[in-house]
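Spelled out from the first residue to the last, the chains are:
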Amino acid sequence: MGREYRDRIYIRKDVLLKLFEFGEMNQSRLMSICGLNNVKHKGILDDMVKKEMIERNEEPWGNKTIIKYKISQKGRDIFKAVLEPYEELFPREEKND
């Protein structure tokens, strides 16, 4: 059995979708729900923050800092205008009618 590969656009779509559905989430929960590796995929989240698709907030929690993410308005607009139609045109799996 080979590894399943996900294009970066699908990873971004999954991140936006989960933040859209759940609202604000901490980094570890977001990575877990999206099936991402914290070390391998952190750069994608950083890039999405840089491009203002998502917002990153740091909150002190005792002697630690919790990183939380939420979808920005720009991210919502991109999700609805680009990623939803892309998924319809190029679905990951065939739908049974």
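Residues numbered from 1 in each chain as written. Predicted model: local features only at pLDDT ≥ 70, side-chain atom pairs only at ≥ 80, totals over all residues. Heavy atoms only, no water.

### Some details on the packing of aromatic side chains
Scanning the entire structure with this criterion turns up one aromatic pair. Pairing Phe20 with Phe79 gives two aromatic rings, centres 5.8 Å apart and planes at 25 degrees, and the pair type is stacked. Of this pair, Phe20 sits in helix 1 (residues 8–22) while Phe79 sits in helix 4 (residues 73–89), placing them 59 residues apart in sequence. Assessed through its relative accessible area of 33%, Phe20 is described here as partly exposed. Classification of Phe79 by relative accessible area gives buried; the value is 3%. Positioned above the aromatic ring of Phe22, the side-chain terminus of Arg29 is 5.0 Å from the ring centre. (Phe/Tyr/Trp six-rings, centres within 6.5 Å; stacked < 30°, edge-to-face > 60°. Helix = DSSP H or I, 4+ residues; strand = E, 2+ residues; numbered from the N terminus. Buried < 20%, exposed > 50% of the residue type's maximum accessible area, 1.4 Å probe, protein only. Lys NZ or Arg CZ within 6 Å of the ring centre and 35° of its normal.)

### Here we look at unusual backbone geometry
Positive phi is not limited to glycine here, since Glu52 has a value of about 60 degrees. Relative to the helices and strands, Glu52 resides in the loop between helix 3 (38–50) and strand 2 (54–61). Taking relative accessible area as the criterion, Glu52 reaches 51% and is therefore assigned exposed.

### Some words on the pattern of salt bridges
Enumeration according to the criterion identifies seven salt bridges in this entry. The salt bridge involving Asp47 is made with Arg12; its shortest N-O contact spans 2.8 Å. Of this pair, Asp47 sits in helix 3 while Arg12 sits in helix 1; the two residues are 35 residues apart in sequence, bridging distant segments of the chain. The partner of Lys18 in a salt bridge is Glu21, with the nearest N and O atoms 3.6 Å apart. With a gap of three residues between them, Lys18 and Glu21 both fall in helix 1, about one helical turn apart. Each of Arg12, Asp47 and Lys51 takes part in a single network of salt bridges with overlapping partners. (Salt bridge = Lys/Arg side-chain N within 4 Å of Asp/Glu carboxyl O.)

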